[in-house]
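Working through the structure, step by step
One letter stands for each residue in the lines below.
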Amino acid sequence: MTCDRFLAALDGIDNEPLPADLAIHARSCRACASESAALRAAIGLYRLPDLAGSSDITPRVTALLPFMPAPRRTVSMRDWIITGFVIVSSIVLVPLLAEFRALKAVYGSGFTLPVFLALGSLVTLYGGLFVMSHLDDFSRRLKAWQIHQHGRAA
Amino acid sequence: MSPGGPEAADEDIIARVLDGDTDAFSALVRRYQRRILRLGYGFLKDVESAEDYAQDVFVKAYVGLAGFKGRSSFSTWLTRIAYNAGINAKRKAGRYEPLESEPVDTRSLSPEDAHIRAETAEALTKAMAALPEKYAVCLDLYFREGMKYEDIGAATGFPVNTIKSHVFRAKRDLREALGAGEGSV
Ligand SMILES: [Zn+2]
C-alpha cells in the first residue's frame, strides 16, 4: 500500500478501528501512523464536551410520563395480515402437494381428517387471538360509530 | 446488576417499560440525553430550547416505544425521532450549526487539547458550511456522535454513499487544517 492510498482509505473508513491492511501500513510508516493518530485524537477531542449550561432533563421527562399514554407491546397489523395470509394459503396449497395426494390415496380420510382438523384449529386459534388482542380497538371503533350514528339521528 | 441499572442493555430496559415499568425509561433518558441535547442545540442554537426539544424527543420516544422493533439499534431509532423533530423545529430557527466554542464545556481540557479541539471545530464548521445545509447534521452525527454511515442513513433517510462522500471530504479538510496548524507552531 502507498501512502496516498492509505490516506484516501483513512478518509473513507467508518467510525471503527483501522482495518487490517491499513494497520499493517501504519506499523511500517511513521508519517501515516501519526496522521491517523492525529485525526483520531482530534475527533476524540471534538466528541468530548457536553452542551454547557444544560441540566439533567431526566426529572422533567419522568414527571411527564405518567400523563402520557403508556406504550404496550403490539403485533403490527402487517404481521397479523402476513400470518393470516400464510395460514389461508397453506389450507389452499397443502391439498395440492404431491405428498398430500399420495398419502391421501393410501390412507384416505384417516389421513386427511387430522390434517384438516389441525389446520382448522390453527384458523380458530388465529381468529381467537386476533379478536382478543383487538377488543380494545373494536370497542373504541364501535363507540366512535355509535357516537357518529347518534350525531346523525339528532 | 439490576435490570434497569446503568449497565442494562437498551433492549432489556425497553422490555421492562413495555411491561409497564414506566420508571425504567429514565435510564434511557440518562443514557442518551447528552446526544439529544447536542443535536437540539445544533438545530435550535439555544440551550433552553434544546432542553425543551430533548424533553419532547424523549416523550415521543416513550409514547411510540412499541413501534421500536429492534430492526436498528435503539440509539439509531431515537436519533431518527430526534432528527425529524429537529427538522420540524428548525423551520423557526434557520440553519443547522454545530456547537460553537462558546456553548461547549471545555474546562476539563488542557490548553493544548482545547486548541486542537477549536481547530477541529473550525474545520468541521467550514466543511458544514460548504455543504447543502440539510447534510450538515450528518457530519455532526459522524464526528461528534460517533455514529456509523449506515446508522446515519437510517436516522436521516439520506443515501449512505452521499453521507460517506461528505464525511470523506470533511476528513480530508480536517487533516489539512490540523497539518497546517502543526506547521505554524
Ligand atoms: Zn505511509
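Think of each chain on its own: its residues are numbered from 1, step by step along the sequence as written. Just so you know, chain letters begin at A and ligand numbers begin at 1, following the order they were written in. Side-chain atom pairs in this predicted model are given and counted only at pLDDT of 80 or more, local residue features only at pLDDT of at least 70, and totals for whole chains, interfaces and linings cover all residues. Side-chain measures were taken over the full set of non-hydrogen atoms in the model, leaving aside hydrogen atoms and water.

1. Thoughts on the overall build of chain B
Looking only at helices and strands, chain B has eight helices and zero strands in total. Buried means the residue's accessible area, taken with a 1.4 Å probe over protein chains only, is under 20% of the maximum for its type, while exposed means over 50%, and partly exposed covers the values in between. Going through the 185 residues of chain B one by one, you find that 51% of them count as buried. We call two residues in contact whenever any of their non-hydrogen atoms come within 4.5 Å of each other. Relative to all contacts within chain B whose residues are 6 or more apart in sequence, the contacts with residues 24 or more apart total 62%. Shrake-Rupley sampling with a 1.4 Å probe provides the accessible areas, and residues are treated as covered by the protein chains on show and by no other component. Summed over its atoms, the accessible surface of chain B is roughly 8,500 Å², and 49% of this surface lies on carbon and sulfur atoms. Helix and strand definitions here come from DSSP, where helices need a minimum of 4 consecutive H or I residues and strands a minimum of 2 consecutive E residues; each element is numbered from the N-terminal end.

2. With respect to the coordination of the zinc ion
Residues and elements named next belong to chain A. The rule for donors is simple: N, O or S, within 2.8 Å of the metal, or within 3.2 Å if the metal is Na, K or Ca. Water isn't counted, so a site may look like it is missing partners. Listed as protein donors to the zinc ion are Cys3 (SG), His25 (NE2), Cys29 (SG) and Cys32 (SG); their distances from the metal cover 2.1 to 2.3 Å. Irregular is the default label, applied whenever a site is not tetrahedral (four donors, all angles between 85 and 135 degrees) and neither square planar nor octahedral (four or six donors, opposite donors over 155 degrees apart, all other angles between 65 and 115). Considering all four donor atoms around the zinc ion, angles at the metal cover 100 to 117 degrees and the coordination shape is tetrahedral. Positions of the donor residues of the zinc ion along the chain correspond to the pattern C-x21-H-x3-C-x2-C. Here the residue cysteine 3 occupies a position in helix H1 (residues 3-12), and cysteine 32 occupies one in helix H3 (residues 30-47), the gap between them amounting to 29 residues. A residue is classified by how much of its surface remains accessible, and cysteine 3, at 36% relative accessible area, is partly exposed.

3. Remarks on helix H6 (residues 136-143) of chain B
Buried residues dominate H6(B), accounting for eight of its eight residues. If you check which residues of H6(B) are buried, you get B:Ala136, B:Val137, B:Cys138, B:Leu139, B:Asp140, B:Leu141, B:Tyr142 and B:Phe143.

4. Brief notes about the confidence of the model for chain A
For every residue, the pLDDT score states the predictor's confidence, bounded by 0 at the bottom and 100 at the top. Within chain A, residue pLDDT values average 85, and 94% of them lie at 70 or more. Confidence, read as mean pLDDT per element, is least for helix H8 (residues 135-153) of chain A in chain A (71) and greatest for helix H2 (residues 20-28) of chain A (94).

5. Describing the packing of helix H1 (residues 10-18) of chain B against helix H2 (residues 25-44) of chain B
It is the contact of H1(B) with H2(B), at a shortest axis distance of 8 Å, that shows an interaxial angle of 145 degrees. Contacts between H1(B) and H2(B) involve B:Asp10, B:Ile13, B:Ile14 and B:Val17 from the first element and B:Phe25, B:Ala27, B:Leu28, B:Arg31 and B:Tyr32 from the second. To get an axis, a line is fitted to the C-alpha atoms, and for a helix only the part in contact is used. The angle between two axes follows their N-to-C directions and goes from 0 to 180 degrees.

6. So, the side chain of B:Gln55
Its location among the elements puts B:Gln55 in helix H3 (residues 47-63). The contact partners of B:Gln55, leaving out residues within four places of it in the chain, are A:Ile57, A:Arg60, A:Val61 and A:Leu64.

7. Thoughts on the nonpolar core
As used here, the term nonpolar core means buried Ala, Val, Leu, Ile, Met, Phe, Trp, Tyr and Cys residues forming a set that is joined through side-chain atoms within 4.5 Å. Membership of the largest hydrophobic core comes to 77 residues, with the highest contact counts inside it found for B:Phe25, B:Tyr53, B:Phe58, B:Phe74 and B:Phe143. Among the elements that line this core, the one with the most residues is H2(B), at 11 residues. Beyond its immediate sequence surroundings of up to four residues, B:Phe143 is in contact with A:Ile43, A:Tyr46, A:Arg47, B:Leu124, B:Val167, B:Ala170, B:Lys171 and B:Leu174.

8. A closer look at a nonpolar patch on the surface
All names here are of chain A. Together, Leu122, Leu125, Leu129, Val131, Met132, Leu135 and Phe138 make up an exposed nonpolar region whose accessible area comes to about 650 Å². For the nonpolar patch, the secondary-structure elements that each account for two or more residues are helix H7 (109-133) and H8. The element that contributes the greatest number of residues to the nonpolar patch is H7, accounting for five residues. Among the secondary structure elements, leucine 129 is positioned in helix H7. Only residues whose relative accessible area exceeds 30% and that form no salt bridge are eligible for patches; like-charged ones are grouped when within 9 Å, while nonpolar side chains (Val, Leu, Ile, Met, Phe, Trp, Tyr) are grouped when within 5 Å. Every case where a carboxyl oxygen of Asp or Glu lies within 4 Å of a side-chain nitrogen of Lys or Arg is listed as a salt bridge.

9. As for the packing of aromatic side chains
For Phe, Tyr and Trp, where Trp contributes only its six-membered ring, two rings pair if their centres lie within 6.5 Å, and the inter-plane angle classes them as stacked under 30 degrees, edge-to-face over 60, or tilted in between. Under the definition given, this model contains 16 aromatic pairs over all chains. Judged by centre distance (5.1 Å) and plane angle (85 degrees), the ring pair of A:Trp80 and A:Phe130 falls under edge-to-face. On the criterion of sequence distance, the pair formed by A:Trp80 in helix H5 (residues 77-93) and A:Phe130 in helix H7 is long-range, its members being 50 residues apart. Cluster of aromatic residues (ring-pair linked, three or more members): B:Phe43, B:Tyr53, B:Tyr83, B:Tyr135 and B:Phe158.

10. Points about the interface of chain A and chain B
Tallying the contact residues gives 41 residues for chain A and 58 residues for chain B. The interface formed by chain A and chain B contains four salt bridges. Residue B:Arg175 is joined to A:Asp11 by a salt bridge in which the shortest nitrogen-to-oxygen separation is 2.9 Å. Here a polar contact means two N or O atoms within 3.5 Å. Within protein one must be a hydrogen donor candidate and the other an acceptor candidate, and residues neighboring in sequence count only if both atoms are side-chain atoms. Counting across the chain A and chain B interface gives 23 residue pairs in polar contact (both at pLDDT 80 or more). Looking at the side of chain A that touches chain B, the elements with two or more residues in it are H1, H3 and helix H4 (58-64) of chain A. The element best represented in the side of chain A that touches chain B is H3(A), accounting for eight residues.

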